[in-house]
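Survey of secondary and tertiary structure
Here's the letter readout for the chains.
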Amino acid sequence: MSTARADKRLYRWIDERYGVSPLIEFLRHKEVPLGAHPLFWYFLGGTTLFFFAVQIVSGVLLLVYYQPGENTSYESIRYITTKVPFGWLVRSVHCWSAHLMIVSLVVHMLSTMMLKAYRPPRELTWLTGFLLFNLALGFGFSGYLLPWNELAFFATAVGTDSVKSVPVVGNWLLQVMRGGPDVTINTVYRFFALHICILPILTVGLITVHLIFIQRQGMAPPIAKHVAPRGMRFFPNFALRDLLWWILCLAALLVLALLLPYGPGIPGVEWELGQKADPLAPAYPGIKPEWYFLWIYQLLKEFPPHLFGLEGPQVCLAVVSLLMTTWALVPWLDRKARRDEPSPAFTDFGVGAMLFITFLMLKAWDIGAGAVADGGFPDPAAVARPCAWILLAVAVAVTAVRIAVYRDRWFVFSGAAVLHAVLHGLVGLPYLAAGAIAAAAAALATGFTVARGRTSAMPAGGGH
Ligand code: HEM
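For the structure given in this document, a descriptive report is provided here. Since the structure is predicted, the reported quantities are computational estimates derived from the model, not experimental observations.

1. Focus: a positive patch on the surface
On the surface, a cluster of positive charge is made up of Arg5, Lys8, Arg9 and Arg12. Along the chain, Lys8 turns up in helix 1 (residues 3-18). With a relative accessible area of 60%, Lys8 lands in the exposed category.

Pasting the structure below:
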């Protein structure tokens, strides 16, 4: 019997029992829009899914030997990396894949922001995605403590401490997170339950909902194009490209995991085991969280202990919550995109937010601080200056691409982010004062633009 006939019989056998034909038909008709944007942007959600799958597989393998406990957390990770055959590789894959998943998640989120894929009827696709982003951060935070080493202990102590600033329930929340007033092995037990049980269940559930929404609604067509877009068949054309891309991702992941088993050595992107946690040892300066929390860590440092009669961290937390809520509500705030019109202000809002976060991250890395004596802190002005120059260079490059390629003409938010960096890093104003001036300038410029009706007079091709 020829292979083709055997395949057909097998297909018929499965179809008779499970009725898969409608699903295959559906996939045959599903299309990915072509022409308006590079196809690459449509691979990013799948890339995130791929890295999440790697996390589950490598996480289960680590669980075979990992044991949470006062005398076992650190020891079992040490055992995995030194004694278990290829244990070091599994841990390295798990850590690298976690970072790559966050990178692809952030790029996926930004790309759907720039393509305005959140506009009706896809608001809830955006919202479920936003929740997934928060869950991914939760994975990072809870996983960090599990090796119970010095770095994880102090970073978790500092990270959980900021929860105290939540009004009314802050202290209670801190106790719930830590399992007591301090970070102890009880905290490890709680983080372990979160990391291997609660977060995976929530994430798998939400990914399912996210994907069902996408299957029901299809991929978003390009904005303000009133002709039916050309499409590429999802199955098999796009799916095979997806598969090839996943194989390349796997190859890149393995190369990184083999060559740099403990990360590239940049603060926030390293997982050297170091010393076992000792809650009685004094905290050493310069402890930094993972790179995706660095901007919040730095923002907390920029606030004085007291501001407007409130505690500084409380005001900082309010600012971060406001930014995050605005981001989650973008599909409802962007009223032009809701009418299927180009909304360059929101494109610029996305770029401005990225520049704002980049400047904070550069500062958190103490770029340009040079060598600092043991236990000392780098000079803040010496750090802010090179960071402002780098940000300026990045902003110029991004703006040039936006003007030349996308014909963007709206730069109020990105301009404010640059003004903030220049006033702080180059003129020498305190971070918050510079921020207040930049925010006021952005508000004035927006008011002026709206008043002159320029926004509505944007040419159809200007912005996206
Ligand atoms: C674990 C996290 C996530 C996974 C596994 C995931 C997966 C996917 C997949 C496979 C697609 C279809 C292909 C594509 O556009 O790339 C997609 C589309 C989409 N995702 Fe996500 N995603 C995640 C997080 C997010 C986040 C954080 C956001 C935004 C806040 C988001 C918003 C969207 C939107 C709006 C679409 C529709 C795109 C369109 O119709 O063109 N997703 N996602």
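On we go.
2. So, the pattern of salt bridges
For the structure on display, the rule yields 11 salt bridges. In this structure, Glu16 and Arg17 form a salt bridge, with 3.8 Å as the shortest nitrogen-oxygen distance. Residue classification places Arg17 among the partly exposed positions, given a relative accessible area of 43%.

3. Focus: the site of the ligand
Taken together, 25 residues form the shell around the ligand, and within it Gly45, His108, Gly129, His210 and Ala220 come nearest. Between Tyr42 and the ligand, the recorded distance is 3.2 Å, taken from a backbone N or O atom to an oxygen atom. Listing elements by their share of the shell around the ligand, those giving two or more residues are helix 3 (44-63), helix 5 (87-114), helix 6 (123-145) and helix 9 (185-217). With 6 residues, the single largest contributor to the shell around the ligand is helix 6. In terms of residue class, the shell around the ligand is made up of 15 nonpolar, 9 polar and 1 charged.

4. A look at the coordination of the iron atom of the ligand
The protein atoms that coordinate the iron atom of the ligand are His108 (NE2) and His210 (NE2), at distances of 2.1 to 2.2 Å. Classification of the site at the iron atom of the ligand as octahedral follows from its 6 donor atoms and the range of 85 to 179° in their angles at the metal. Remark: His210 occurs in helix 9 and His108 occurs in helix 5; sequence separation between them is 102 residues. Residue classification places His210 among the buried residues on the basis of a relative accessible area of 12%.

5. Some points on the packing of aromatic side chains
Per the stated rule, a full pass over the model turns up 22 aromatic pairs. For the ring pair Phe141 and Phe293, a centre distance of 5.8 Å and an interplane angle of 75° mean the geometry is edge-to-face. With Phe141 in helix 6 and Phe293 in the loop between helix 10 (234-259) and helix 11 (294-302), this pair connects stretches of sequence that are 152 residues apart. Pairwise contacts between aromatic rings join Tyr118, Trp126, Trp327, Phe346, Phe349, Trp410 and Phe413 into one cluster. For Lys30, the ring lying beneath its charged end belongs to Phe234, and the centroid distance is 4.9 Å.

6. Concerning the nonpolar core
Counting 75 residues, the largest nonpolar core has Met113 and Trp327 as the members making the most contacts within it. Considering each element in turn, this core owes the most residues, 12 residues, to helix 15 (residues 344-364). Viewed by domain, this core spans two of them, domain 1 (3-291 + 305-320) and domain 2 (342-464), each represented by three or more residues. If we skip the residues at most four places from it in the chain, Trp327 touches Met109, Leu110, Met113, Trp126, Phe130, Phe349, Gly350 and Ala353. Membership of the second largest hydrophobic core comes to 21 residues, among which are Leu62, Ile77, Ala152 and Phe153.

7. Digging into unusual backbone geometry
Of the consecutive residues Pro120 and Pro121, the connecting peptide bond is found in the cis state with omega at 10°. Mapped onto the fold, Pro121 is located in the loop between helix 5 and helix 6. A cis amide bond links Phe235 with the next residue in sequence, Pro236, at an omega value of 5°. Along the chain, Pro236 falls in helix 10. The phi angle at Phe86 is positive, at roughly 60°, despite the residue not being glycine. Backbone geometry places Lys116, a non-glycine residue, at a positive phi of 55°.

8. Thoughts on the packing of helix 7 (residues 150-161) against helix 8 (residues 170-178)
Contact pair helix 7 / helix 8: the axes reach a minimum separation of 10 Å and the direction vectors enclose 150°. Classified by the angle between their axes, helix 7 and helix 8 sit roughly antiparallel to one another. Of the residues in helix 8, those in contact with Ala157, Thr160 and Asp161 of helix 7 are Leu174, Met177 and Arg178. Of the residues contributing to the contact of helix 7 with helix 8, the split by class is 3 nonpolar, 1 polar and 2 charged.

9. Observations regarding the packing of helix 5 against helix 15
Relative orientation of the contacting elements helix 5 and helix 15 amounts to 155°, with a least axis distance of 9 Å. The orientation of helix 5 with respect to helix 15, classified from their angle, is roughly antiparallel. Contact residues: Leu110, Met113 and Met114 in helix 5; Phe346, Thr347, Phe349, Gly350, Val351 and Met354 in helix 15. In the contact of helix 5 with helix 15, the residues fall into 7 nonpolar, 2 polar and no charged.

10. Observations regarding the side chain of Glu302
Looking at the secondary structure, you find Glu302 in helix 11. A distance of 2.5 Å separates the side chain of Glu302 from the side chain of Lys363, its partner in a polar contact. Beyond its immediate chain neighbours, meaning those up to four positions away, Glu302 contacts Leu360, Lys363, Tyr431 and Leu432.

Quick notes on the rules
- Residues numbered from 1 in each chain as written.
- Predicted model: local features only at pLDDT ≥ 70, side-chain atom pairs only at ≥ 80, totals over all residues.
- Heavy atoms only, no water.
- Patch = residues over 30% accessible without salt bridge, like charges linked within 9 Å, V, L, I, M, F, W, Y side chains within 5 Å.
- Areas by Shrake-Rupley, 256 points an atom, 1.4 Å probe, with all protein chains shown as cover.
- Salt bridge = Lys/Arg side-chain N within 4 Å of Asp/Glu carboxyl O.
- Lys, Arg positive; Asp, Glu negative; His and termini not counted.
- Charge placed at Lys NZ, Arg CZ, Asp CG, Glu CD.
- Helix = DSSP H or I, 4+ residues; strand = E, 2+ residues; numbered from the N terminus.
- Buried < 20%, exposed > 50% of the residue type's maximum accessible area, 1.4 Å probe, protein only.
- Near = heavy atom within 4 Å.
- Polar contact = N/O pair within 3.5 Å; in protein donor to acceptor, adjacent residues only side chain to side chain.
- Nonpolar A, V, L, I, M, F, W, Y, C, P; charged D, E, K, R; others polar.
- Donors = N, O, S within 2.8 Å, 3.2 Å for Na, K, Ca; no water.
- Tetrahedral: all angles 85-135°; square planar, octahedral: opposite > 155°, others 65-115°.
- Phe/Tyr/Trp six-rings, centres within 6.5 Å; stacked < 30°, edge-to-face > 60°.
- Lys NZ or Arg CZ within 6 Å of the ring centre and 35° of its normal.
- Core = buried A, V, L, I, M, F, W, Y, C linked by side-chain atoms within 4.5 Å.
- Domains from an automatic or database assignment.
- Contact = heavy atoms within 4.5 Å.
- Axes fitted to C-alpha atoms, helices over the stretch in contact; angles between N-to-C directions.
- Parallel < 35°, antiparallel > 145°, perpendicular 65-115°, else oblique.

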